[in-house]
Amino acid sequence: LDRFLEGWAGYIGGTEKEAARMVCHALARAYPEEYLGEVATANKYKPTDGFESEEPPPGYVCYDGSSPEVKANVQWNLMYAELLKWKEEHGHPNVPAKSGEKKSELVKFVHRMRAKKDGLSETRLRLLNDIGFKWHGEFGKKLPVPGGDPRVNRMVAAKIVFPELSSRECMYLGGYEDEELDKIKGPQKWRTIYSVLKDQLRNIVSKFDSRSYKKKMHLNRKELVDILRGDDPDRLTKVFGERAGLFEGFMEKAAERKRNGINPDDHRASRRRKADRNEKEECERENAPEEHDMAIDKDEEKETSDMEAHNEYEQDDPDQEAHDVDERHQQHLDNWQPDYPQYQYDDL
């Protein structure tokens, strides 16, 4: 019942007491006899302390400057005072989920503040930030956002309207970056934020049109889908914001994948193609030295063949080779003319 009231309070945007009052009103109208039969039970458990009083209790401090005539404002300041006491005792304002019965209301208050962060006033945000309040869980785990994470909602809408886009392209349009997507999540090194979102996206898209119980998160995503399917020329900017400029390039890549018969969601085939490319590059690197060695071998064979031909020529008729050399030498001597003057013996 506590979880139901907490969820209903988050849905209507009010406190748990306002949610309980609405439920009691509906039950009193639908089942008046049964409702009146539980009045004695209500009187038995009716609190007697000053917390439920319409007037602020003694020592009340209005931290956010809101009107004390509104009971919700009084309750917020009282819980903020309890949070300050917790910080004084433990050195931090981050109340763990399991802190005993006495702190159950404070735990709910902390969770409610994190869930309704966007709806808090600037004064209350400043008061919580000044004491070091963390907007994430005690272990750094992000708490569920009412209405769904906006980035996930945009990612889902992109995949539903444009199924030809890959999962990573939809994540880019949603607002994710490679640095965040490639972070390891969990003990397995292959388990990254991208793989988690990819599985989540596939599960959401497969059940999107068959959901019978539609939460606010689903309705928000359906609204984005309707905008993308509409005729508004600025629909991409309304949904994706600054990321709308990536859409045209992604569609060109999708068209190229379609021409090549590639399924963007067939991740096994994508891994096979990547493995084939790596294997081909490895083979090319291994064959490059072999081709170089083959070229060297060809040059050596040519040089060897030239030498063998020359040796064969000499071995055919060595006497003829020597005779040819003598003729060339004699011809050179016959053509030689001295460059000094010719003297006659009579002149001496």
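Calculation rules
Residues numbered from 1 in each chain as written. Predicted model: local features only at pLDDT ≥ 70, side-chain atom pairs only at ≥ 80, totals over all residues. Heavy atoms only, no water. Phe/Tyr/Trp six-rings, centres within 6.5 Å; stacked < 30°, edge-to-face > 60°. Helix = DSSP H or I, 4+ residues; strand = E, 2+ residues; numbered from the N terminus. Buried < 20%, exposed > 50% of the residue type's maximum accessible area, 1.4 Å probe, protein only. Axes fitted to C-alpha atoms, helices over the stretch in contact; angles between N-to-C directions. Parallel < 35°, antiparallel > 145°, perpendicular 65-115°, else oblique. Left-handed = near helix turned anticlockwise from the far one by under 90°. Contact = heavy atoms within 4.5 Å. Nonpolar A, V, L, I, M, F, W, Y, C, P; charged D, E, K, R; others polar.

A.B. asks: Before we go on, may I ask you to explain the packing of aromatic side chains in this structure?
C.D. replies: Think of a pair of aromatic rings as described by two things: how far the centres are apart, and how the planes are tilted against each other in angle. The final tally for this structure, using the stated rule, is six aromatic pairs. Judged by centre distance (5.1 Å) and plane angle (65 degrees), the rings of tyrosine 63 and tyrosine 80 are edge-to-face. With tyrosine 63 in the loop between helix H4 (39-44) and helix H5 (71-90) and tyrosine 80 in helix H5, the pair connects residues that are 17 residues apart, well separated along the chain. On the basis of relative accessibility, which here comes to 31%, the residue tyrosine 63 falls in the partly exposed class. In this structure tyrosine 80 comes out as buried when scored by relative accessible area, which is 4%. Centroid distance phenylalanine 133 to tryptophan 135: 4.9 Å. Interplanar angle 75 degrees. Geometry classified as edge-to-face. Its relative accessible area of 5% is what places phenylalanine 133 among the buried residues. By relative accessible area, tryptophan 135 is classed as buried at 16%.

A.B. asks: Any chance you could explain the packing of helix H8 (residues 150-161) against helix H12 (residues 216-228) here in plain terms?
C.D. replies: Two measures define how a pair of helices packs: the angle their axes make with one another and the distance between the axes. Across the interface, H8 lies against H12 with an axial gap of 9 Å and an inter-helix angle of 50 degrees. Judged by the angle between their axes, H8 and H12 are oblique. The two elements H8 and H12 meet at a crossing, and its hand is right-handed. Side by side, H8 and H12 meet where Val152, Asn153, Arg154, Val156, Ala157, Ala158, Ile160 and Val161 of the first sit next to Met217, Asn220, Arg221, Leu224, Val225 and Leu228 of the second. Of the residues in the contact of H8 with H12, the class split is 10 nonpolar, two polar and two charged.

A.B. asks: What should I look at first to understand the packing of H8 against helix H9 (residues 167-174) in this one?
C.D. replies: Relative orientation of the contacting elements H8 and H9 amounts to 135 degrees, with a least axis distance of 8 Å. As summarised for this structure, H8 and H9 are arranged oblique, according to the angle between their axes. In terms of crossing hand, the pair formed by H8 and H9 is right-handed. Counting all contacts with H8, which are made through Arg151, Arg154, Met155, Ala158 and Lys159, the residues of H9 involved are Ser167, Cys170, Met171, Leu173 and Gly174. Among the residues making up the contact of H8 with H9, the classes are represented as five nonpolar, two polar and three charged.

A.B. asks: I would appreciate a short explanation of the environment of isoleucine 184 in the present structure.
C.D. replies: Mapped onto the elements, isoleucine 184 comes out in the loop between helix H10 (178-181) and helix H11 (193-206). Placed 11 residues apart in sequence, isoleucine 184 and serine 195 show a C-alpha to C-alpha distance of 9.5 Å. Leaving out residues up to four positions away in the same chain, isoleucine 184 has contacts with Lys189, Arg191 and Thr192.

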